[in-house]
Amino acid sequence: MTCEDVRIHLHQFRRGRLDPTAREGVRSHLVECGDCAQVQVEEGVLDQLLETRLPRHAAPDALRRRLLLLAPSEARPEVPAPPPRSWRRLVAPARAAGLLLASAGFYFQATSARRATALTEVTSEAINDHLRVLTSQRPFEIESTGTHEVKPWFEGRLDFAPVVPEAEGTELQLRGGALGYFHDRKAAVILYRLRRHQVTLLAFPAQELALPSGPLLLGPVHGWRSSARGFQVVGWRVGDVGYALVSDVGSQELTAYAARLAPQTAIH
Amino acid sequence: MGGGSIAETQRSGVIREALGYADALYNLAHRLCGRAPDAEDLVQETYSHALAALDRFTPGTNLKAWLFRILRNLVLDQARRRAPERSYDTVEGEESVNAVSDGACLRNDLELERMRRLVGAEIEAALASLPEEARLTVLLDLEGFSEAEVAGILECAPGTVKSRLARARAALRRLLADYAREGRR
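Trainee: Please clarify how the overall build of chain A should be interpreted in this entry.
Mentor: The helix and strand tally for chain A stands at eight helices and eight strands. Across the 268 residues in chain A, those meeting the buried criterion constitute 48%. Put simply, of all contacts in chain A between residues at least 6 apart along the chain, 58% involve residues at least 24 apart. Just so you have it, chain A exposes about 13,200 Å², and 54% of that area is on carbon and sulfur atoms.

Trainee: Explain the interface of chain A and chain B to me, please; I cannot follow it from the model alone.
Mentor: In many analyses, interface size is given as the accessible surface area lost on bringing the parts together. Contacts between chain A and chain B engage 51 residues on the former and 53 residues on the latter. Both faces considered, chain A and chain B share a buried interface measuring about 5,000 Å² in area, 58% of it formed by carbon and sulfur atoms. For the interface between chain A and chain B, the tally reads eight salt bridges. A salt bridge links B:Asp23 to A:Arg64, with the shortest nitrogen-to-oxygen separation between them at 2.5 Å. Summed over the shared surface of chain A and chain B, the number is 20 residue pairs in polar contact (both at pLDDT 80 or more).

Trainee: What's the story with the pattern of salt bridges in this structure? I'm lost.
Mentor: Note on pairing: side chains with opposite charge can pair once their charged atoms come close. Summed over all chains, the structure comprises 27 salt bridges over all chains. Across the pair B:Lys64 and B:Glu143 runs a salt bridge, and its minimum N-O distance is 3.0 Å. On the criterion of sequence distance, the pair formed by B:Lys64 in helix H4 (residues 63-82) and B:Glu143 in the loop between helix H7 (132-142) and helix H8 (147-154) is long-range, its members being 79 residues apart. Just as B:Lys64 is buried, B:Glu143 falls in that class too. Each of the salt bridges in this network shares a partner with another, and the network as a whole consists of A:Arg14, A:Glu42, A:Glu43, A:Asp47, B:Arg169 and B:Arg173.

Trainee: Explanation requested: H4(B) in the structure shown.
Mentor: The first and last C-alpha atoms of H4(B) sit 29 Å apart over 20 residues, in line with the 28 Å expected at 1.5 Å per residue. Where H4(B) begins, the side chain of B:Asn62 points an oxygen toward the backbone nitrogen of B:Lys64, at a separation of 3.0 Å.

Trainee: Can you help me understand unusual backbone geometry in this one?
Mentor: Outside of glycine, negative phi angles account for most residues, and trans bonds account for most peptide bonds. Residue and element names in this part refer to chain A. Of note, arginine 229 is a non-glycine position whose phi angle comes to about 55 degrees, a positive value. Here arginine 229 is to be found in the loop between strand E6 (221-228) and strand E7 (231-238). Looking at arginine 229, the relative accessible area reads 25%, which means it is partly exposed.

Trainee: I would appreciate a short explanation of the nonpolar core in the present structure.
Mentor: The nonpolar side chains of a soluble globular protein tend to be buried with one another. Counting residues in hydrophobic clusters, the biggest one holds 64 residues, and the most contacted among them are B:Tyr47, B:Trp66, B:Leu140, B:Leu172 and B:Leu176. Considering each element in turn, this core owes the most residues, nine residues, to H4(B). Non-local contacts of B:Leu172, meaning those with residues more than four positions away in its chain, are made with A:Leu46, A:Leu50, B:Ala126, B:Leu127, B:Leu130 and B:Val138. If you look at the next biggest cluster of nonpolar residues, it comprises 33 residues, including A:Val150, A:Phe154, A:Phe160 and A:Val221.

Conventions we followed
Counting restarts for each chain, with residues numbered from 1 along the sequence as it is written. Labels are handed out in written order, letters beginning with A for the chains and numbers beginning with 1 for the ligands. Totals for whole chains, interfaces and linings use every residue, but because this is a predicted model, local features are given only for residues with pLDDT of at least 70 and side-chain atom pairs only at 80 or more, for both listing and counting. Hydrogens are left out, water is left out, and the side-chain values use all remaining heavy atoms of the structure. Helix and strand assignments follow DSSP, with helices taken as H or I runs no shorter than four residues and strands as E runs no shorter than two, numbered in order from the N terminus. In this scheme, a residue with accessible area under 20% of its type's maximum is buried, one over 50% is exposed, and one in between is partly exposed, where area comes from a 1.4 Å probe on protein chains only. Contacts are residue-level and defined by heavy atoms, with any inter-residue pair within 4.5 Å sufficient. All accessible areas in this document rest on Shrake-Rupley with a 1.4 Å probe, and a residue is counted as covered only by the protein chains that are shown. Throughout, the accessible surface (probe 1.4 Å) given up by two parts as they are put together, summed over both, is called the buried area. Think of a salt bridge as a Lys or Arg side-chain nitrogen and an Asp or Glu carboxyl oxygen that are within 4 Å of each other. Pairs of N or O atoms within 3.5 Å make up the polar contacts considered here, provided that, within protein, one atom can donate a hydrogen while the other can accept it, and that residues adjacent in sequence are counted only when both atoms are side-chain atoms. Here, expected helix span is obtained from the residue count minus one, scaled by 1.5 Å. What makes a nonpolar core is a set of buried Ala, Val, Leu, Ile, Met, Phe, Trp, Tyr and Cys residues whose side-chain atoms join them at distances within 4.5 Å.

The quantities given are spatial measurements derived from coordinates; they are silent on function.
Written out as structure tokens, the structure reads:
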């Protein structure tokens, strides 16, 4: 291979997307050619800058509302549930009781609505990411059944270190990983197979993200669970990293696997 | 995209999935248009076209790539309307990103360290100064599409994507190195 050939293939080489012959050609050239080896280092810097520093523009809410109006009503995603009736009952006497209690009632009602919104948004985002995996012709960027291969692959590709948990001795088999996005931030997409079902674990920076906090106990970790569009989502948070496990398997089964995986994310 | 017809029962699911790509489409539109209102109009037009053409979407194929292809074609249509006499068969400004090899511009460790310290605004500016088709190729790759998927969106051969992406990234490295040097002054 000439330097010109190598530089054309270098990006796909770095992503592990070359066939074995081309991969070996590039690899052996890089050993011998200092200039191309240097370009490879620069490509790494460029990847790092594009993936971690380039801001990502999120669609404004006004645009989202307009897009929803374009879609037929039966195709629109679920809207956040109204606050539970119990809060409305609490707020009603508060109005009569005085401004202080009314303010407290309003606070609780608003908090409840915010929780419902956070849960709906996170659920929707996690399911959309899972659907991208299902519809992708090539969902893997690293294909491996070993956490010791998948975890290091994320190094340098993300600005946080996701844990790649396993459920050894069960039917949940690790299959690989890829990069994705969760809302506006880069995420680790960890792929499993459970019998004939795809199971996706998303790991993402959770700073400034409204994540639900629920009473669901996943070993030592508090989590939450929800469902929409026929998919189940179980989520939890460990420090600054959020995790969401998504699949179309039953809620109880997915929660049981989440209870196997979540503790591993907490002890690293 | 043709060949398949979408069953009535699948439409809602496909539309819901399509709505989930609004952020990704808007991000690309913003990088191509440079202005938020133009990007919003472009994304809205993309969805309008997609919904009108939904019967031509083949279930089981890549919906996200299909939407990106519609968006890219709308950008081309807009460019043709603005300057109908121009040919859009060739890559705009391709000559400025023509060199894959940049051996003479190899950076030393100090310069690389300066590049690593570049901030988002500088990277955005460097990306914005690439010709549109080069920028689009870099962004589609960054979005996670494979070469074959990018080729489908840009309606060109995968080999063209490979060489175009290599040239665009080499140009971007040069631009970022310039920004890093200027920051030193």
